[in-house]
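This is what each chain is made of:
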Amino acid sequence: MTASPATRPPGLRRFLTEKPPQPERCELCAVAVEAGHRHLVDTEKRALVCACPPCALLMEQPGAAAGRFRTVPARYLTDPGHRLDESAWEALQIPVGVAFLFRNAALDRLVALYPSPAGATESELDPATWTDILGGSRLAELLEPDVEALLLRRTDGRFECHLVPIDICYELVGRMRLLWQGFDGGAEARAALDAFFANVARRVRPLGEVGHP
């Protein structure tokens with residue numbers, strides 16, 4: 001199993017530079033959008049695009065835009081009944097303590113990425129490994145292709161696995177690239193990573209609390 005720098009996802013660029021002074025706009029209707037706006041996945045260009053609330057809602061309808069644009073959901077879920085351990089993490093062969101995995105519908109395969117000083121780095125994941133380690137999780141069954149990810153973290157012997165919107169994963173990658181210093185990322189990057197996961201922890205809901213079996 002090898003890891004190599006992934007081609008930078010087009011939508012990632014918005015998180016790698018300072019925000020421009022002019023307001024961001026919906027990339028479908030050009031209306032100005034506020035901070036915290038929704039995103040769409042352009043499945044043809046493999047890119048994240050900004051969306052105003054009406055356009056995000058429109059693209060949630062079946063058949064909208066012939067399926068080209070998919071609205072990134074806003075749900076954050078965790079499965080208290082599924083636990084990772086050290087052996088599972090070692091089997092994933094991810095060299096850092098954070099990674100996210102999503103299903104690329106066009107390629108019909110799982111993609112595993114992790115933050116690095118160069119941006120998002122792809123780790124080739126054997127489908128059998130995915131099935132053995134994460135396939136039994138109810139989160140894996142609920143994962144929406146292209147627009148959601150399983151976000152994993154190992155820290156101090158603890159393991160986290162959450163289903164999250166994919167745009168926040170690319171936001172994390174961009175933030176880490178901007179802050180990374182030295183071999184291990186440095187204190188500022190570690191503090192940003194802790195703050196990011198603290199925010200995720202505040203937002204996630206156990207499956208049983210949100211109507212899932």
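Notes on the structure follow.

### Points about the environment of G208
Turning to step 1, where the next piece is worked out: With respect to the secondary-structure elements, G208 resides in the segment after β11 (205-206).
Turning to step 2, where the next piece is worked out: Judged by its relative accessible area of 66%, G208 falls in the exposed class.
Turning to step 3, where the next piece is worked out: For the pair G208 and L77, spaced 131 residues apart in sequence, the C-alpha to C-alpha distance is 9.8 Å.

### Details of the pairing of strand β6 (residues 98-104)
Turning to step 1, where the next piece is worked out: In terms of residue burial, β6 counts as a mostly covered element, since 6 of its 7 residues are buried.
Turning to step 2, where the next piece is worked out: In the sheet, β6 pairs with strand β9 (residues 148-155) via 4 bridges, with the strands oriented antiparallel. Paired with A99 across the two strands is L152, which belongs to β9.
Turning to step 3, where the next piece is worked out: In this sheet, strand β7 (residues 109-116) lies alongside β6 in antiparallel orientation, the contact comprising 5 bridges.

### Quick notes on the sheet that holds strand β2 (residues 38-42)
Turning to step 1, where the next piece is worked out: Reading across the sheet, the 3 strands line up as β3-β2-β4 and stay open at both edges, with antiparallel pairing between neighbours. The sheet is open, and its two borders are formed by β3 (47-51) and β4 (69-71), each paired with just one other strand. Shown here is a sheet whose adjacent strand axes are inclined to one another by a mean of 35°, direction ignored.
Turning to step 2, where the next piece is worked out: Here β2 runs beside β3; their pairing, made up of 5 bridges, is antiparallel. Counterpart to D42 in the pairing with β3 is A47.

### Some words on the nonpolar core
Turning to step 1, where the next piece is worked out: Ranked by internal contacts, the top residues of the largest apolar core, which has 29 residues, are F100, F102, L151, I166 and V200.
Turning to step 2, where the next piece is worked out: Among the elements that take part in this core, helix α5 (residues 166-179) stands out by supplying 8 residues, more than any other.
Turning to step 3, where the next piece is worked out: With 23 residues, the next largest nonpolar core counts L84, L101, A140 and L143 among its residues.

### Comments concerning the packing of aromatic side chains
The geometry of two aromatic rings is summed up by the distance between their centres and the angle between their planes.
Turning to step 1, where the next piece is worked out: Taken as a whole, this structure holds 3 aromatic pairs when the rule is applied.
Turning to step 2, where the next piece is worked out: Consider the rings of W89 and F159, whose centres lie 6.2 Å apart with planes at 45°: the pair is tilted. Taken as a pair, W89 in helix α2 (residues 86-92) and F159 in strand β10 (residues 158-165) lie far apart in primary sequence, 70 residues in all.
Turning to step 3, where the next piece is worked out: W89 gets classed as buried once you look at its relative accessible area, which sits at 2%.
Turning to step 4, where the next piece is worked out: Note on F100 and Y170: the rings are 5.4 Å apart at their centroids and 85° apart in plane angle, and the pair reads as edge-to-face. Highlighted residues: F100 in strand β6 and Y170 in helix α5, separated in sequence by 70 residues.

Quick notes on the rules
- Residues numbered from 1 in each chain as written.
- Predicted model: local features only at pLDDT ≥ 70, side-chain atom pairs only at ≥ 80, totals over all residues.
- Heavy atoms only, no water.
- Helix = DSSP H or I, 4+ residues; strand = E, 2+ residues; numbered from the N terminus.
- Buried < 20%, exposed > 50% of the residue type's maximum accessible area, 1.4 Å probe, protein only.
- Pairing = 2+ DSSP bridges.
- Axes fitted to C-alpha atoms, helices over the stretch in contact; angles between N-to-C directions.
- Core = buried A, V, L, I, M, F, W, Y, C linked by side-chain atoms within 4.5 Å.
- Phe/Tyr/Trp six-rings, centres within 6.5 Å; stacked < 30°, edge-to-face > 60°.

Note that all results are geometric; they support no functional claim without further evidence.
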